[in-house]
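Examining the three-dimensional arrangement
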Amino acid sequence: MIGKAKTSIARNMHKLTLIYTVLALGGCAFFEKSLDTNSGGDHVRGKAKPIEIGVTHDDHVSAYGGDHTDWKSFSLPDAALLEVHAYWDNPSIQAVVNVRDQFGGRIFELKHKQGRREDHWTDIRMRDGEFYLEVVAKRGASVYTLELKQKGTSSGVQSNDIDAPE
Ligand SMILES: [Ca+2]
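So, how was this worked out
- Residues numbered from 1 in each chain as written.
- Predicted model: local features only at pLDDT ≥ 70, side-chain atom pairs only at ≥ 80, totals over all residues.
- Helix = DSSP H or I, 4+ residues; strand = E, 2+ residues; numbered from the N terminus.
- Buried ≥ 20, exposed ≤ 12 C-beta atoms within 10 Å, placed from the backbone.
- Contact = placed C-beta atoms within 7 Å.
- Core = buried A, V, L, I, M, F, W, Y, C linked by C-beta atoms within 7 Å.
- Pairing = 2+ DSSP bridges.
- Axes fitted to C-alpha atoms, helices over the stretch in contact; angles between N-to-C directions.
- pLDDT = per-residue confidence, 0-100.

What follows concerns the overall build of the chain. Looking only at helices and strands, the chain has two helices and nine strands in total. Along the chain, helices (α) and strands (β) appear in the sequence α-β-β-β-β-β-β-β-β-β-α when read from the amino end. Out of the 166 residues in the chain, the part that is buried amounts to 19%. Contacts in the chain between residues far apart in sequence, at least 24 positions, make up 78% of those at least 6 positions apart.

In terms of nonpolar packing, the biggest core is built from 20 residues, with L133 and L146 touching the most fellow members. Elements with a contribution of two residues or more to this core: β3 (69-76), β4 (80-88), β5 (94-100), β8 (129-139) and β9 (141-151). Residue contributions to this core peak at five residues, all from β8. What L133 contacts, discounting residues up to four positions off in sequence, is K72, F74, V97, V99 and L146.

Pairing within the open sheet is mixed, and its five strands lie in the order β1-β3-β8-β5-β6. In the strand order of this sheet, the two ends are held by β1 (49-50) and β6 (106-111), each with one partner.

Along the chain, G40 falls in the loop between α1 (2-35) and β1. Through-space distance from the C-alpha of G40 to that of D70 is 8.2 Å; in sequence the pair is 30 residues apart.

Further remarks concern the pairing of β3. Summarising the sheet, β1 and β3 pair through two bridges and their orientation is parallel. Its bridge partner being in β3, P50 is matched across the sheet by S73. The sheet contact formed by β3 and β8 spans eight bridges and is antiparallel. In the sheet register, T69 faces β8, and the bridge partner there is V136.

This part covers the sheet that holds β4. Reading across the sheet, the four strands line up as β2-β9-β4-β7 and stay open at both edges, with antiparallel pairing between neighbours. Every other strand in the sheet has two partners, leaving β2 (57-62) and β7 (118-126) as the edge strands with one partner each. Recorded for the sheet is a direction-independent mean angle of 25° between the axes of neighbouring strands. For β4 and β7, the ladder comprises seven bridges, and the chain directions are antiparallel. When the bridges of β7 are listed, Y87 appears paired with E118.

With 70% of its residues at a pLDDT of at least 70, the chain reaches an overall mean of 82. Ignoring residues within four places in sequence, the model shows residues 25-33, a span with pLDDT below 50, making six contacts including any to other chains. Low confidence marks residues 154-166, where pLDDT is under 50. Its contacts with residues over four positions away, or in another chain, come to five contacts.

In C-alpha cells form, the structure reads like this:
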C-alpha cells in the first residue's frame, strides 16, 4: 500500500513538474514576443548600442520574433553630411531605419528598398551632437550590417575654402 502511494505521489509530482515546465516555456515565449527581449538588449533608446563612424555593426531584427526594434547611438563632433549604409541578409524584409535626435525625435526616415541587399542613403545633412538610429522590422526578419560614414566636417570644408595664412 505505502509503496503504491509513494509511486503515485512521485507520478503526480512528475506530472506537476511537466505542467510547470510547459507553463514556464510558454510564458517565456509569450513575453519574448511581446516585450522585444530577443533584441539583444537594445530594444529601447536608453539601451542603445554605440556605433563608431566607419566601423561596421552587425545585428538582427525580426518583426515577429521578439526582436522588432534595435536602437543604436552615434555622435558627430562636427556638422557633416552623413551616409548610412545597410546590408541585409534577407532583402525581402520590410524595414525602416529612423535617424533620431538626442531626445528621440525623428529627423529622417530611411526606408529599406525591398528586394535589395544594400541600401545607401547619402547626403544626410546633420548638425553635430548625439543621435540614434532605430532599426524597425515591419515584416520579416533579417541579419543586417550597418555602416555610418561622414563626408567632410564643417572645419574640414572651411580649410578647403579658405587659404590659411602661415
Ligand atoms: Ca536585434
